[in-house]
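# Summary of the model geometry
Residues per chain are reported as follows:
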Amino acid sequence: MKLLLLLSLVALAQCLVSRIPLRRGKSLRQSLQEHGLLQHYLKQHPDNVAAKYFPTRFSVEPLQNYLDNEYFGTISIGTPAQKFTVIFDTGSSNLWVPSVYCSSLACSNHNRFNPAHSSTFVSTNESVSIAYGTGSMTGILGYDTVTVAGIKVLNQIFGLAETEPGDFFYYSPFDGILGLAFPSIASSGATPVFDNMMTEGLVAKDLFSVYLSKDGQSGSFVLFGAIDYSYTTEGISWIPLSAETYWQITMDRVSIGGDSVACSFGCQAIVDTGTSLLAVPNGALSSILSALGANSNGEINCQAVDTLPSVVFHINGKAFPVPPSAYVIESDGYCVLGFQGMNVPTESGELWILGDVFIREYYVIFDRANNMVGLSRLP
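Just so it is clear, the model here is predicted, and its values are computed rather than measured.

## Structural notes on the side chain of threonine 90
- Assignment of secondary structure puts threonine 90 in the loop between strand 4 (82–89) and strand 5 (95–98).
- Overall, threonine 90 belongs to the buried group, its relative accessible area being 0%.
- Engagement of the side chain of threonine 90 in a polar contact is seen with the backbone oxygen of valine 271, the distance being 3.0 Å.
- At 2.9 Å, the side chain of threonine 90 forms a polar contact with the backbone nitrogen of threonine 273.
- Non-local contacts of threonine 90, meaning those with residues more than four positions away in its chain, are made with Leu180, Ala181, Phe208, Trp247, Val271, Asp272, Thr273, Gly274 and Phe366.

## Observations regarding the packing of aromatic side chains
- Following the criterion strictly, the structure yields 23 aromatic pairs and no others.
- Note on tyrosine 211 and tyrosine 231: the rings are 4.7 Å apart at their centroids and 40° apart in plane angle, and the pair reads as tilted. Taken together, the positions of tyrosine 211 in strand 10 (residues 207–211) and tyrosine 231 in the loop between strand 11 (220–224) and strand 12 (237–244) put the pair 20 residues apart, joining distant regions of the chain.
- Accessibility expressed as a relative area gives 23% for tyrosine 231, which makes it partly exposed.
- Both rings, one in phenylalanine 358 and one in tyrosine 362, keep their centres 5.0 Å apart while their planes meet at 25°; by these two values the pair is stacked.
- On the basis of relative accessibility, which here comes to 0%, the residue phenylalanine 358 falls in the buried class.
- Over the face of the ring belonging to phenylalanine 221 we find arginine 19, whose NZ or CZ atom lies 4.3 Å from the ring centre.

## Concerning the pattern of salt bridges
- Per the stated rule, a full pass over the model turns up three salt bridges.
- Across the pair aspartate 195 and arginine 368 runs a salt bridge whose closest N-O atoms are separated by 2.7 Å. Here aspartate 195 is found in helix 4 (residues 193–199), whereas its partner arginine 368 is found in the loop between strand 25 (362–367) and strand 26 (372–377), with 173 residues between them in sequence. Of the two residues, aspartate 195 and arginine 368, neither departs from the other in class, the shared state being buried.

## Topic: the state of the cysteines
- Evaluated as defined, the whole model comprises three disulfides.
- Between the sulfur atoms of cysteine 263 and its disulfide partner cysteine 267 the distance amounts to 2.1 Å. When the S-S torsion is -100°, as for the bridge of cysteine 263 with cysteine 267, the disulfide is left-handed.
- Two residues share a disulfide in this structure: cysteine 302 and cysteine 335, whose sulfurs sit 2.1 Å from each other. Where cysteine 302 bonds to cysteine 335 through sulfur, the torsion about that S-S bond is close to 115°, and the disulfide is right-handed. One end of the pair, cysteine 302, is in the loop between strand 17 (299–300) and strand 18 (311–315); the other, cysteine 335, is in strand 21 (residues 334–337), and 33 residues separate them in sequence.

## Side note on the nonpolar core
- In this structure, Ile75, Phe88, Phe224, Phe313 and Trp352 are the most contacted members of the largest nonpolar core, which totals 78 residues.
- If we ignore the near neighbours within four places in the chain, the residues touching isoleucine 75 are Ile20, Gln82, Lys83, Phe84, Val86, Phe88, Leu95, Val146, Thr147, Val148 and Leu178.
- Counting residues in hydrophobic clusters, the runner-up holds 14 residues, among them Ala106, Ile130, Leu141 and Ile177.

## A few points about the sheet that holds strand 17
- An order of 17-21-20 is seen for the three strands of this open sheet, with the pairing classed as antiparallel. The open sheet has two edge strands, strand 17 and strand 20 (328–331), and neither has a second partner.
- For strand 20 and strand 21, the ladder comprises four bridges, and the chain directions are antiparallel. Across the sheet, residue glutamate 330 finds its bridge partner in strand 21, namely cysteine 335.

## Quick notes on the pairing of strand 19 (residues 318–322)
- Sheet topology note: the strand 18/strand 19 ladder contains five bridges and is antiparallel. When the sheet's bridge partners are listed, histidine 314 is paired in strand 19 with alanine 319.
- Taking the residues between adjacent antiparallel strands as the criterion, strand 18 and strand 19 are bridged by two residues, where asparagine 316 takes a positive phi near 55°.

Calculation notes
- Residue positions are given per chain, counting from 1 as you read along its sequence in written order.
- Per-residue local features are limited, in this predicted model, to residues with pLDDT of at least 70; the limit for side-chain atom pairs, both in listing and counting, is 80 or more; totals at the level of whole chains, interfaces and linings are taken over all residues.
- No hydrogens and no water enter the side-chain calculation; it runs on all heavy atoms of the structure.
- Segments assigned H or I by DSSP are reported as helices when at least four residues long, segments assigned E as strands when at least two residues long, and all are numbered from the N terminus.
- Partly exposed residues are those whose accessible area sits between 20% and 50% of the maximum for their type, while under 20% is buried and over 50% is exposed, using a 1.4 Å probe and protein chains only.
- Definition of a polar contact: a pair of N or O atoms within 3.5 Å, with one able to donate and the other able to accept a hydrogen when the atoms are protein atoms, and with sequence-neighbouring residues admitted only if both atoms are side-chain atoms.
- Throughout, a residue-residue contact means that at least one pair of heavy atoms, one from each residue, lies within 4.5 Å.
- Aromatic contacts are taken between Phe, Tyr and Trp rings whose centres are within 6.5 Å, Trp giving its six-membered ring; a plane angle under 30 degrees counts as stacked, one over 60 as edge-to-face, and the others as tilted.
- Any Lys NZ or Arg CZ that is within 6 Å of a ring centre and within 35 degrees of that ring's normal is treated as a charge sitting over the ring.
- A carboxyl oxygen of Asp or Glu within 4 Å of a side-chain nitrogen of Lys or Arg is what we treat as a salt bridge.
- Here, the term disulfide refers to a pair of cysteine sulfur atoms separated by no more than 2.5 Å.
- Side-chain atoms within 4.5 Å are what join buried Ala, Val, Leu, Ile, Met, Phe, Trp, Tyr and Cys residues into a set we call a nonpolar core.
- What makes two strands pair is DSSP finding at least two bridges between them.

Right, dumping it as structure tokens:
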């Protein structure tokens, strides 16, 4: 009897753990470049990565945050299931996908949700608008079954896009966004998908974890409800959150070659899977580029890459290095540092964004039960 009970508990635990594979594909920047549209895009969309983190009456998601994103996963919405490719974004909280009501060119070559084809869809009269700087994703809110890696979330609120900002979105490799940050920053007060997973008891633990592969097309994943300890052989460093909005933590300082180069008196940082690069305050960017021997555009001699030092992020009393193999991006024989400037002051100091350049070096655990981020260095 005891053995039967144990086997039942093991089976139940396995049902409450779901891994969704992320595929690494062509970024929006690469697609625009191939079509000769990148420079035109950048002129129309002045780079302002900081806009995502400004409090406004709308949720703000600048497209630039997703310009270099290469990791995408598949979810389904409705009964029967309609599939969508999304970015799993720890820097936002809403779920939205294109709908059949969308008349924008950007929607024409993406999967579009048709509520008439879902027996479980429930409509609302509520609208949603998510600003992108030069335009907005506008639409309506609805409820339906959302399936993520086998987890069925009933009555999940989501946005059905009716307009999408600019024709450039036509070239994006993803259909929509699934936000994994806190409810406090969700547009229109929508409950995030993971919050409903927790409330409905669909995950074994109130946490999820992320692994982004450094090379190749496969291997990346988001794991809901569990930690894959095969990725934590170096141990886990737990860092308390400084705010329950984004996955925000306090950083002690940043050093290169043993010398502090930025954040000398502490600053704030957000661990954000929806931002590809390392976004840093403009003043800190100048110091980092100078210390690494790059020009003002972040360009560096490719032959010098092997001699560059690691950039070390000191967090909660521990050092988290990012080597040049991670922060130098090579394309067509040119090398550029994976840092971009921005300025977002907070009550607790300047703000940094630790995007995919950082996350690829660490297995990251997002723990809602204890409001902590866990980092484990990858081999």
